[in-house]
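Examination of the molecular architecture
So the chains spell out like this:
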Amino acid sequence: MKKVILLFIVFSIIFTFYSFASVSYFLPVKNFKTYLTSAFGEYRPSMTKSVSHFHMGVDFSTAYRSGVPIAAVTDGYIEKIDIDDDDIYGYTVYIRHDDGYLSVYAHLSKFGDNLSYLFESLKKEFGKNRIEIFFSPNEIRVKKGEIIGFSGQTGEALAPHCHLEIRDTQKNIAINPLNFLSDFVTAPKGDIRILGLRINGREVSIADKIHYFTGSLVNMEINATLKTDRNSLGLYKIELYMDGVLVYQILFDEISFDDFEAADVLFGRNSNASNYWYKLYSPETLSVVKLNKLPIEFPSESAVKIVVEDFWGRSKELKFRLLRR
Ligand SMILES: [Zn+2]
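To start, this report covers the structure provided alongside it.

The rules behind these values
- The residue count restarts for each chain, going from 1 along the sequence in the order it is written.
- This being a predicted model, a pLDDT of at least 70 is required before a residue's local features are given, and a value of 80 or more before pairs of side-chain atoms are given or counted; all residues contribute to the totals for chains, interfaces and linings.
- The side-chain quantities take in all heavy atoms of the structure and omit both hydrogens and water.
- Strands are runs of DSSP state E lasting at least two residues, helices are runs of H or I lasting at least four, and both sets are numbered from the N terminus onward.
- Counting of polar contacts relies on pairs of N or O atoms within 3.5 Å, with two restrictions inside protein: one atom must be capable of donating a hydrogen and the other of accepting it, and residues adjacent in sequence are counted only when both atoms are side-chain atoms.
- Residue contacts are counted whenever heavy atoms from the two residues lie within 4.5 Å of one another.
- Pairs of strands are assigned from DSSP output, requiring at least two bridges between the strands.
- All axes here are fitted lines through C-alpha atoms, helices being fitted over the stretch that makes contact, and every angle between N-to-C directions spans 0 to 180 degrees.

Right, let's get into the side chain of Arg 167. The topology assignment puts Arg 167 in strand 14 (residues 161-168). At a separation of 2.8 Å, a polar atom in the side chain of Arg 167 contacts the side chain of Glu 165. If we ignore the near neighbours within four places in the chain, the residues touching Arg 167 are Tyr 89, Tyr 94, Tyr 101, Leu 102, Val 104, Ile 173, Ala 174 and Phe 257.

Summarising the sheet, strand 6 (residues 69-71) and strand 13 (residues 147-150) pair through three bridges and their orientation is antiparallel. Within strand 13, the position partnered with Ile 70 by the bridge is Gly 149. Where strand 10 (residues 110-111) meets strand 13, two bridges bridge the pair, whose relative direction is antiparallel. In the strand pairing of strand 13, Lys 110 is matched with Phe 150.

Taken together, six strands build an open sheet; the order of strands is 18-27-26-21-22-25 and the sheet is mixed. Where the open sheet ends on each side, the last strands, each with one partner, are strand 18 (210-213) and strand 25 (289-292). Neighbour-to-neighbour, the strand axes of this sheet turn through a mean angle of 25°, independent of strand direction.

Fair warning: the whole summary comes from geometry, so function is off the table for now.
Spelled out as structure tokens, the structure:
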């Protein structure tokens, strides 16, 4: 097993008061025309370094380039850095903000100037071991927009980009970072597409207005995406209505780290990093399933409506009648 080096760098603690004003965060990709390349909560299939999991943050384009400056989204201090080529996150900076949240910047190629000397010397000393370095509160203060590292593809990244997470460590959850970046990340050009429907595991035509089932339970799955001019993004809200009543709701606002590896509970087969089959049933409690009131026995006839929505409130719906054979 790989050796993990934990370092606690303790300097003098500076007692300073910082304001707790709740302000919008800055984009983490600095001086660069960036855009969203992955949404919060997308499916990530198992790869060499990981099992299948939820995407706990958002990704921003660096035009496939390493070395693009990555900046602190708001004021705070560096709480920790990770140096590990073999982890999902790669080289990572963790910043504790004055509002209490932790921001995480992953897949970096290198760290900011104030950390580069430390990085070089630790790399020399510990080589390829995983190194986690913890700093004392407020020792390394960073300002909103200050460069803390440079884009790269360390860890599990297919191309250089910026992965940003916002965590509430007390609740052990990741929060959708777009909630903090609404001033900067406007709705991308594109449209929501409903691409497929499965009823009890069998794919049916989305053009059909009547679907049949046997037995008492109906497990539905919907294949949908936000197709932009550049990529396919995961959706924000998926709702199932039966006879006008909301019975099931998935919302990608917060994901518990307890659910990190439970992505296969929510996503159906053939899901991948850009194709999402959302299961509209769950045998388990999941933090993203906000409502689960499916009938124990489905009525012999019902009017079904599935509504899929992106973060910016654009939606599309699929309506059909569900009949017991
Ligand atoms: Zn990412």
